[in-house]
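Coordinate analysis (summary)
Spelled out, the chains give:
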Amino acid sequence: MDMNEIKEIFFQECEEQLAELESGLLKLNDGDRDPETVNAVFRAVHSIKGGAGAFGLDDLVSFAHVFETTLDCVRSNKLEPTQDVLKVMLKSADVLADLTNAARDGGSVDEARSRTLIRELEALAHGEAPAAAEAPAPKPVAAAPKAAAPAPVVVEKPPVNDEGFQPIPFSFGDFDEEGADHYVPTVQVTFKPKKDLYAKGNEAVLLLRDVSRLGEMSVYCDMDSLPTLDKMNPEEAYFSWKISVTTDKGEDGVRSVFEFAEWDCDLDINTIEEDVVGEATSDEELPMQPVPFDLSMLDDGGSAAADEPAVIESDAAAAVAAAETATKVAQVASRAAENKAAAAASAASAAQANQAAAAGQTIRVDLDRVDRLINLVGELVINQAMLSQSVVENDNNGTSSINMGLEELQQLTREIQDSVMAIRAQPVKPVFQRMARTVREIADITGKSVRLITEGENTEVDKTVIDKLAEPLTHMIRNAVDHGLEMPEKREALGKNPEGTVRLTAKHRSGRIVIELADDGAGINREKVRQKAIDNDLIAADANLSDEEIDNLIFHAGFSTADKVSDLSGRGVGMDVVKRSIQALGGRISISSKPGQGSVFTMSLPLTLAVLDGMVVTVAGQTLVVPLTAIVETLQPEASAIHSFGASQRLISIRNSFCPLVDVGRILNFRATQANPIEGVALLVESEGGGQRALMVDAIQGQRQVVIKSLEANYTHVPGIAAATILGDGRVALILDVDAVVAASRGQSLKQDISLAATG
């Protein structure tokens, strides 16, 4: 693997870390104060900084270093994560994402914005209010600790022995609190940084502190390489550490701490054998390790509570003090217990097995390879259907061994297809997290206070669908915040919460994914929409439109109710793009709005764009496929169950209730007159927002699995048709868009859809 491939993996991991960062900050913003949430946010920034340092991405390292320092203050309870603090951190997360994208794609970022946020982060780290970061003079940020200006360090002089050394207990081995039957291994580490480690933004003190969190630890700092002050190079690394940590995480857990630093240091990690551990049985028998310097143990904030302080003004003293900070954090009391070798080995083995089971193993695969695999599975499904139909046509009794083998092949093909589709299934969480950033940006521009609530983030859908959801959702979010929500003072005057709410929800329903975007704003002003449509010659002045039809006017290209053009809206570009994007995915979008209470946009999309189960039917000599997930039942109409309604409408009686009867051939203009229901078959279907309808077809050929082929990508959008497929006999069949047909039966003609597509 060459360096470019490693770098690409790093940027892929950065995307995951940035998502984790934003998710954690939003949890903190919602009041979550779980320490693990804070640690997850800190680890995300720390991992990005470490990886960026390995590739020499100085701008990214510099910003991440300042961000990490401020997060460490939150982690150590020195900085309260208030709303104002988190607002700065959320903006910093956006800049960190911009810097990552610039490093990957070679773009640029707003340097003024970066410098402003650096000043704000530094102010927060020093205990100042966020507003104090508005200082006019920007302070340069170093890419690594080496560029930091030397500052006086006040330390305490601790007691020393006769040789002038400060003793630190160094213990080997330990047993956990459960007793001697549970052996906890001791790992010994020799850690000698190189100067590149500091140049890339890593800090030895933070690494040692992370090791100390794995278990009880003792540490010895070797300063033999430290020269006299006149020969000292502030860019060199002179210290090394010998660490002993008792942890159930083992060598792998310790090594993970140095994951991004191991290339820039000499690192040796070994587990101490159990018989060596048993040699020390009391605190009096523990060996003592001299540390050849007498600086005090600093607290986490870098200050000393000393009776007789000593002031040292040099970079070397600051570095030594930082090392001693890790020493104080790491020092722990050693415990002793009797050794039971057999029980210890068994417990350690069980712990490793549990740890391996808990951490699911994953593999990173190029998406193009998965796409190719899915295409091949689709072709396999088509060929299997062709082979099955050929055998059926030549085997009248249907009992031959070939036919039986084909049934097994069909079952195996289905299992392969389901397994492959599961590989592409991913939660919608990444897209929802991106919307949080969009909401913050639009809220800042409009001066509105907005709260985004997401539900069903772990709902899984095909990655192809996820990738194409971002654009329509972004348009809808902008529309909801800019047009839907009122200004805070107006909301307050209406008795509403000044903070508006936008709710984004995902859920599975009848084999499809339904995404709802709701706001508690003013709702759609139908009088204004109607008048705007009349002014734009979209409808006649005397047109009699229902509320739903008026709401759907906003999907016309070029339609906008904004009084003036702004950076966000007013040009009539947005909702028509949303509708076309959803239709391209084989989905439908509907609106429900209540004046003064808000609006709900509902998108219904297929779970996958590759394969579906369908009912093959015949309509006016044409072969169609109706998605099986939309069909409730099939029935043969009787003359007594058919009732006329109005001039041309017909109803069918089903279990003491009436359901509209829809002639599919007539709706799709396959025939000029309505067919006789008695001579056909009715498919009772359920559509999103349209209730139940009985679709009238001529005959049912059977149920089968079909491979979806995009009609829009290969031809053009056809109203009432979602996609196409290839049948077992090689013919092309059209997949019916049930929602569009039901909408047409309710008065929204497919010709209107054609005009919408043409004007878009």
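Everything quoted here is computed from the prediction, not taken from an experiment.

Looking at helix H3 (residues 58–75)
- When the terminal C-alpha atoms of H3 are compared, their 25 Å separation across 18 residues agrees well with the 26 Å that a helix rising 1.5 Å per residue should span.
- The buried fraction of H3 amounts to 15 of the 18 residues, a majority that puts the element mostly inside the structure.

Considering the pairing of strand E19 (residues 622–627)
- Of all six residues in E19, five are buried, a share of seventy percent or more.
- Sheet topology places strand E18 (residues 611–619) next to E19; six bridges connect them, and they run antiparallel. Following the sheet pairing, Gly-614 is matched in E19 by Pro-627.
- Remark: two residues form the turn of the hairpin made by E18 and E19, two consecutive strands paired antiparallel; Ala-620 in that turn has positive phi of roughly 50°.
- Strand direction decides the pairing type here: E19 and strand E28 (residues 732–736), joined by two bridges, are parallel. Paired with Leu-624 across the strands is Leu-734, a residue of E28.

Overview of the environment of Val-625
- Here Val-625 shows up in strand E19.
- Val-625 sits 98 residues away from Ala-723 along the chain, and the two C-alpha atoms are 9.5 Å apart.
- Setting aside residues up to four positions removed in sequence, Val-625 forms contacts with Leu-612, Gly-614, Met-615, Val-616, Val-706, Thr-725, Ala-733, Leu-734, Ile-735 and Leu-736.

Side note on the sheet that holds strand E5 (residues 186–193)
- The sheet built from four strands is open, its strands ordered E6-E7-E5-E8 with antiparallel pairing. Two strands lie at the open edges of the sheet, namely strand E6 (216–222) and strand E8 (265–272), each paired on one side alone. Direction aside, neighbouring strands of the sheet carry axes that sit 15° apart on average.
- Of the strand pairs in this sheet, E5 and strand E7 (residues 240–246) are connected by six bridges, and their pairing is antiparallel. Pairing of Thr-190 across the sheet is with Lys-242, part of E7.
- Its contacts with the sheet put helix H7 (residues 204–212) on E5, E6 and E7, and the angle it makes with E7 is roughly 15°.

Examining the packing of aromatic side chains
- For the structure on display, the rule yields six aromatic pairs.
- With 5.2 Å between their ring centres and 50° between their planes, Phe-10 and Phe-11 make a pair best called tilted.
- A centroid spacing of 5.4 Å and a plane angle of 40° characterise the contact between Phe-10 and Phe-55, whose relative ring orientation is tilted. A residue pair is termed long-range when its members are at least 10 positions apart, and Phe-10 in helix H1 (residues 3–29) and Phe-55 in the loop between helix H2 (35–54) and H3 qualify at 45 residues. Summarising the burial analysis for this pair, Phe-10 and Phe-55 share the class buried.
- In textbook terms, an aromatic cluster arises when at least three aromatic residues are bridged by ring pairs, as seen for Phe-191, Phe-239, Trp-241 and Phe-258.

Regarding the confidence of the model for the chain
- When the pLDDT values of the chain are averaged, the result is 75; 74% of them are 70 or greater.
- Low confidence marks residues 275–359, where pLDDT is under 50. Its contacts with residues over four positions away, or in another chain, come to 161 contacts.
- Per-residue pLDDT stays below 50 along residues 748–760; that stretch engages in 20 contacts with residues further than four places along the chain or on separate chains.

Looking at the sheet that holds E18
- Spatially, E26-E18-E19-E28-E27 is the arrangement adopted by the five strands of the open sheet, whose pairing is mixed. One side of each edge strand has no neighbouring strand; the edge strands of this open sheet are strand E26 (699–707) and strand E27 (721–726). Strand-to-strand twist of the sheet, defined as the mean angle between neighbouring strand axes without regard to direction, takes the value 35°.

Let's talk about the pattern of salt bridges
- Taken as a whole and judged by the stated rule, the model has 22 salt bridges.
- Here Lys-49 makes a salt bridge to Glu-68, at a shortest N to O gap of 2.6 Å. Of the two residues, Lys-49 sits in helix H2 while Glu-68 sits in helix H3, which places them 19 residues apart along the sequence. Glu-68 carries the same exposure label as Lys-49, and that label is buried.
- Here Asp-72 and Arg-75 are joined by a salt bridge, their closest N and O atoms 3.0 Å apart. Of this pair, Asp-72 and Arg-75 both sit in helix H3, separated by three residues, roughly a single helical turn.
- You can call Asp-72 buried: its relative accessible area is 16%.
- Among the residues examined, Arg-75 registers a relative accessible area of 16% and is labelled buried.

As for the packing of H3 against helix H5 (residues 111–125)
- The geometry of H3 relative to H5 is characterised by a closest axis approach of 9 Å and an angle of 25° between their N-to-C directions. It follows from the interaxial angle that H3 and H5 lie roughly parallel. As H3 runs across H5, the sense of the crossing is left-handed. Residues Phe-63, Val-66, Phe-67, Thr-70 and Cys-73 of H3 pack against Ser-114, Leu-117, Ile-118, Leu-121, Glu-122, Leu-124 and Ala-125 of H5.
- When its residues are assigned to classes, the contact of H3 with H5 shows nine nonpolar, two polar and one charged.

Brief notes about the nonpolar core
- In terms of nonpolar packing, the biggest core is built from 44 residues, with Leu-473, Met-476, Val-502, Leu-504, Ile-515, Phe-601 and Leu-605 touching the most fellow members.
- Tallying contributions element by element places helix H14 (residues 429–446) first for this core, with seven residues.
- Apart from residues no more than four positions distant in its own chain, Phe-601 is found in contact with Met-476, Asn-479, Ile-515, Glu-516, Leu-517, Ile-554, Phe-555, Met-575, Ile-589, Ser-590 and Ile-591.
- Counting residues in hydrophobic clusters, the runner-up holds 40 residues, among them Ile-48, Leu-79, Ala-97 and Leu-121.

Rules and cut-offs
Residues numbered from 1 in each chain as written. Predicted model: local features only at pLDDT ≥ 70, side-chain atom pairs only at ≥ 80, totals over all residues. Heavy atoms only, no water. Helix = DSSP H or I, 4+ residues; strand = E, 2+ residues; numbered from the N terminus. Expected span 1.5 Å × (residues − 1). Buried < 20%, exposed > 50% of the residue type's maximum accessible area, 1.4 Å probe, protein only. Pairing = 2+ DSSP bridges. Contact = heavy atoms within 4.5 Å. Axes fitted to C-alpha atoms, helices over the stretch in contact; angles between N-to-C directions. Phe/Tyr/Trp six-rings, centres within 6.5 Å; stacked < 30°, edge-to-face > 60°. pLDDT = per-residue confidence, 0-100. Salt bridge = Lys/Arg side-chain N within 4 Å of Asp/Glu carboxyl O. Parallel < 35°, antiparallel > 145°, perpendicular 65-115°, else oblique. Left-handed = near helix turned anticlockwise from the far one by under 90°. Nonpolar A, V, L, I, M, F, W, Y, C, P; charged D, E, K, R; others polar. Core = buried A, V, L, I, M, F, W, Y, C linked by side-chain atoms within 4.5 Å.

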